[in-house]
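Tertiary structure, described
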Amino acid sequence: MTSSSSFSQDAQRFAHTYPEGLRADALMEEDVAWSHEIDGERDGDQFDRSERAALRRVAGLSTELEDVTEVEYRQLRLERVVLVGVWTSGTAQDSENSLAELAALAETAGALVLDGVIQRRDKPDAATYIGSGKATELRDIVLETGADTVICDGELSPGQLIHLEDVVKVKVIDRTALILDIFAQHAKSREGKAQVALAQMQYMLPRLRGWGQSLSRQMGGGKGGGLATRGPGETKIETDRRRIREKMAKMRREIAEMKTGREIKRQERKRNKVPSVAIAGYTNAGKSSLLNRLTGAGVLVENALFATLDPTVRRAETPSGRLYTLADTVGFVRHLPHHLVEAFRSTMEEVGESDLILHVVDGSHPNPEEQLLAVREVIRDVGAVDVPEIVVINKADAADPLTLQRLMRIEKRSIAVSARTGLGIEELLALIDNELPRPSVEIEALVPYTLGKLVARAHSEGEVISEEHTPEGTLLKVRVHEELAADLAPYVPAPVA
């Protein structure tokens with residue numbers, strides 16, 4: 001009753017103020033329609049229609065930073081991690097080197113390492129990896145340092161992961177998850193991204209966790225749906241696992257299709273009898289730097305682990321003029337996750353299908369022998385044990401001379417080089433020339449000048465021993481494969497009686 005009576009009083013005052021002809025115009029113009037008697041008694045500021053529809057700034061909501069250091073920190077936002085290792089075998093120095101490598105992996109992934117601890121045990125604890133007492137001590141270290149993540153130097157089972165997180169109260173990941181994260185950051189090509197996604201899903205599948213709604217059962221699938229549903233149905237976590245398996249099957253099909261394209265290129269090189277050399281080695285040993293030095297490929301070079309994931313194939317030429325291909329493969333690491341070996345198998349086949357392996361090792365590393373063993377283990381997994389191997393000890397300019405002497409004494413087919421300074425590169429090229437498989441047939445032919453293409457094939461596909469230009473044509477003495485030897489056979493000079 002009160003609101004209706006006040007409205008009728010406002011209407012009467014408005015009718016008394018304006019003549020009848022001006023009332024419609026006054027109603028359309030807000031400035032004229034405003035009355036101090038009517039609107040002055042209302043609370044708050046009044047806005048025009050245009051002001052009400054406009055965007056208005058709200059003071060005090062801007063988070064723009066003026067301090068340069070605050071801006072840099074906001075952009076970086078590093079995770080703060082504590083490293084944990086279990087020393088089960090070897091020397092104390094070996095365990096410290098392993099933890100130092102884990103620290104390098106964490107920094108490559110974009111984390112800030114605050115502390116690292118190692119525990120001596122016969123084997124990792126089945127429940128919490130380091131034991132319940134040490135897990136409590138680890139929680140104190142996490143609280144003291146303000147860390148938000150714990151990284152374990154090993155692959156944790158799903159149970160170990162859950163129990164350790166329950167004690168330390170922060171996120172816990174293992175070495176495998178860390179390497180997978182680095183691969184996900186560095187994968188650029190479509191094939192590389194698909195391989196990393198497959199490896200991540202293989203790792204994640206047994207580690208899915210469920211609580212609350214994830215463990216509730218959906219309706220069973222009875223005949224016709226609706227009320228005719230029977231059975232308990234599957235839980236949501238089971239549904240998630242099924243979807244992951246479907247995605248993994250799809251990824252495998254896509255990778256198989258990409259593998260076909262790689263095999264076609266490889267078969268084309270084989271058809272043209274072009275020898276192939278694969279550069280394999282530990283991550284950050286200098287493989288890409290060596291490829292750039294040998295071919296000028298311009299591949300990304302960075303002092304980081306797994307800086308390049310996608311294989312690069314470049315054309316090169318020996319000092320004697322023989323053409324061959326150089327393939328830079330993905331770097332290996334100690335305890336490389338099996339998921340990655342399986343996912344990157346099509347990429348690593350470049351090593352198995354090559355004619356020669358340049359096994360690059362970091363001569364300045366504290367334990368290069370361990371790097372050699374780790375890489376050879378992966379080479380054995382991809383079935384490349386029968387391929388000839390040259391051990392290339394890189395970073396010779398920064399390595400200890402005694403370490404170089406020890407490695408060259410242990411590895412009989414080895415050479416010390418420096419991809420940065422060019423030391424030993426000429427000797428390496430000559431060694432590649434000697435080790436590459438040579439054509440099986442040696443032939444001498446007098447090729448007419450009208451068949452210049454045949455001479456060009458002899459240069460590109462074979463090894464020219466001597467070449468002489470005579471009035472009748474080009475006299476070639478070459479070592480070639482059987483197919484080219486058959487094409488040259490009609491031009492073999494008749495023996496002199």
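A few points on the structure. The shown structure was predicted, so the numbers you read here are calculated from the model rather than taken from an experiment. (Residues numbered from 1 in each chain as written. Predicted model: local features only at pLDDT ≥ 70, side-chain atom pairs only at ≥ 80, totals over all residues. Heavy atoms only, no water.)

Here the focus is the overall build of the chain. Helix and strand counts for the chain stand at 20 helices and 13 strands. Within the chain, the fraction of its 497 residues that count as buried is 41%. Considering only contacts in the chain between residues 6 or more positions apart, those separated by 24 or more positions represent 65%. If you sum the accessible surface of the chain, you get close to 28600 Å²; carbon and sulfur atoms cover 52% of it. (Helix = DSSP H or I, 4+ residues; strand = E, 2+ residues; numbered from the N terminus. Buried < 20%, exposed > 50% of the residue type's maximum accessible area, 1.4 Å probe, protein only. Contact = heavy atoms within 4.5 Å. Areas by Shrake-Rupley, 256 points an atom, 1.4 Å probe, with all protein chains shown as cover.)

We now examine the pattern of salt bridges. Applying the stated criterion to the full structure yields 15 salt bridges. Taking the shortest distance from any N to any O, the salt bridge between Glu389 and Arg376 comes out at 2.9 Å. Placement of Glu389 in strand β9 (residues 389-394) and of Arg376 in helix α16 (residues 368-381) is noted, with a sequence separation of 13 residues between them. Arg413 is the partner of Glu435 in a salt bridge, and the nearest nitrogen-oxygen pair spans 2.9 Å. Note that Glu435 is positioned in helix α18 (residues 425-435) and Arg413 in the loop between α17 (401-410) and β10 (414-416), a separation of 22 residues in sequence. By relative accessible area, Arg413 is classed as partly exposed at 39%. Connected through shared salt-bridge partners, Glu101, Asp153 and Arg175 make up one network. (Salt bridge = Lys/Arg side-chain N within 4 Å of Asp/Glu carboxyl O.)

Turning our attention to the sheet that holds strand β11 (residues 441-447). Taking strand neighbours across the sheet as the criterion, the three strands line up as β11-β13-β12 in an open arrangement whose pairing is antiparallel. Pairing within the sheet leaves two strands with one partner each, and these edge strands are β11 and β12 (463-469). Neighbouring strand axes in the sheet, compared pairwise and without regard to direction, differ in orientation by 10° on average. Where β11 and strand β13 (residues 474-480) come together, seven bridges link them in antiparallel fashion. Bridge pairing links Glu442 to Arg479 in β13. The sheet contacts of helix α19 (residues 452-461) involve β11, β12 and β13, and relative to β12 the element is tilted by about 145°. (Pairing = 2+ DSSP bridges. Axes fitted to C-alpha atoms, helices over the stretch in contact; angles between N-to-C directions.)

Bear in mind that shape data such as this cannot, by itself, settle questions of function.
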